[in-house]
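Residue-level structure breakdown
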Amino acid sequence: MRFVPLNSAREGSILGKSLIDENGNLLLKEGSILTDRRIEHLLEKGYSSVYINDDYSDDEIEDIIKPEIRNKIAQKIKETFEFFSKDRQVSHKNSRIMYESMEELNNFAKNLVDELFSKSDIMISMVDIKNMDSYTYAHSVNVAVISLVVGIAAGLGRRELEDLTIGAMLHDVGKIFIPKSILNKPGALTDEEFRQIQEHTIEGYEYLKNCPIKSTSKIIALQHHLNVDGSGYPDYENTGLLHKFSRIVAIADVYDALTSDRSYRRAYSPSEAVEYIMSMASTKFDMDYVKLFVKKIVTYPVGSLVRLSDGKAGVVRSLNEGFPMRPVVEIIEESRLSGEHIDLMERKNIVIQQIEYDL
């Protein structure tokens, strides 16, 4: 199975994963044949990428959480955000609904921690398919999962991990107070529009003050766009008070945003996004958490077509734990799998130059 941009998917390609919209409706079932008409329809729906099976790769790609669990969490986040947007000032009459929503999200966070806590060898291979309408909610789930994995690698305890996860789920809640015309604008933002975007950190934090979650979870909404060198927003003079949860979520937030197709740019490949984050360590991001993140993120998922530095093409067949940029690759010769495998942990003179989407 390979993750490819829709404009690289050929007619006749086999869909590798079912496409579910933000309301849980099935758009196209796994195993369906992609036609030009179907590809055009998906593009109109706001999708830019899909998983396909082809002659090069029929490997199963498993997310670290089940798709049905991911969809349930995304749906609950959507319901919670929509409730918040209708009731900005929490009243006594409907505070019960807000408390129930928070309790459900807390339970999801606890279940995720229970599921992943003991998996010390887990790595993140998660390039999620999102359309424009479902982006915020799917993004919130991804950021929570990535943050949780980094938090486990950092040695946080269960209670801290639960607080980190619920805070990551709600980190973008302030965007419900920003006009959609600005959030989904395809072109460059004006200075005033960017100022309004920046307000989502303060707006979200102010709203969460009324919610029954830990203060360390709430602070993430305020701080996740602050940088360790003092730049970013909102203005914050004492970067030494930048909470560790916020430092972790900042990395997860940028990674998932970069690897998502947006109206104004194509998605970065996982390797491109990791290179960007590494280049910003110690200025934008906390170096210690970047080191942990890099060991956990899968830059070249199993099934990826790649071009090696010696000019050969290949398919990623397996990963080396703790060294995701040095996988085992099966070589392709004359458009056919050769059966020759190269372990890049052993062949240090060869590196992956780029992901290929078509040969």
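As the structure is a prediction and not an experimental result, all values here were calculated from the model.

Here the focus is the sheet that holds strand β2 (residues 14-15). Ordered by their spatial adjacency, three strands build an open sheet running β1-β5-β2, and the pairing between neighbours is antiparallel. The outermost strands of the open sheet, each flanked by one partner alone, are β1 (2-5) and β2.

Sheet topology note: the strand β6 (residues 305-308)/strand β7 (residues 313-318) ladder contains three bridges and is antiparallel. Its bridge partner lying in β7, R307 is registered against A313. Here β6 folds back onto β7, and the loop between the two strands holds four residues, one of which, G311, carries a positive phi near 95°. Relative to strand β10 (residues 352-356), β6 runs antiparallel, the two being bridged by four bridges.

Moving on, we come to the sheet that holds strand β8 (residues 328-333). Read across the sheet, five strands follow the order β9-β8-β7-β6-β10 without closing on themselves; strand pairing throughout is antiparallel. Only two strands of the sheet have a single partner each, and these edge strands are β9 (336-343) and β10. Along the sheet, successive strands turn relative to each other by an average axial angle of 40°, direction set aside. Sheet analysis places β7 next to β8, joined by five bridges and oriented antiparallel. Bridge pairing in β8 places V315 opposite E330.

Here we take up the nonpolar core. Counting 62 residues, the largest nonpolar core has F84, M169 and F293 as the members making the most contacts within it. The element contributing the most residues to this core is helix α4 (residues 135-153), with 10 residues. If we ignore the near neighbours within four places in the chain, the residues touching M169 are I73, I77, F81, L105, F108, A109, L112, S140 and A144. Core analysis: the next-biggest nonpolar cluster, separate from the first, contains 12 residues, V4, L15, L34 and L42 among them.

On to a negative patch on the surface. Residues E11, D36, E40 and E44 make up a contiguous surface patch of negative charge. Within the element layout of this structure, E40 appears in helix α1 (residues 36-44).

Below, the discussion takes up the packing of aromatic side chains. Any two aromatic rings considered together are summarised by their centre-to-centre distance and by the angle between their planes. The final tally for this structure, using the stated rule, is six aromatic pairs. Ring geometry for F83 versus F84: centroids 6.2 Å apart, planes at 50°, classification tilted. You can call F83 buried: its relative accessible area is 14%. Grouping aromatic residues by their ring pairs yields a cluster made of F83, F84, F177 and Y207.

What counts as what
- Residues numbered from 1 in each chain as written.
- Predicted model: local features only at pLDDT ≥ 70, side-chain atom pairs only at ≥ 80, totals over all residues.
- Heavy atoms only, no water.
- Pairing = 2+ DSSP bridges.
- Helix = DSSP H or I, 4+ residues; strand = E, 2+ residues; numbered from the N terminus.
- Axes fitted to C-alpha atoms, helices over the stretch in contact; angles between N-to-C directions.
- Core = buried A, V, L, I, M, F, W, Y, C linked by side-chain atoms within 4.5 Å.
- Buried < 20%, exposed > 50% of the residue type's maximum accessible area, 1.4 Å probe, protein only.
- Contact = heavy atoms within 4.5 Å.
- Patch = residues over 30% accessible without salt bridge, like charges linked within 9 Å, V, L, I, M, F, W, Y side chains within 5 Å.
- Areas by Shrake-Rupley, 256 points an atom, 1.4 Å probe, with all protein chains shown as cover.
- Salt bridge = Lys/Arg side-chain N within 4 Å of Asp/Glu carboxyl O.
- Lys, Arg positive; Asp, Glu negative; His and termini not counted.
- Charge placed at Lys NZ, Arg CZ, Asp CG, Glu CD.
- Phe/Tyr/Trp six-rings, centres within 6.5 Å; stacked < 30°, edge-to-face > 60°.

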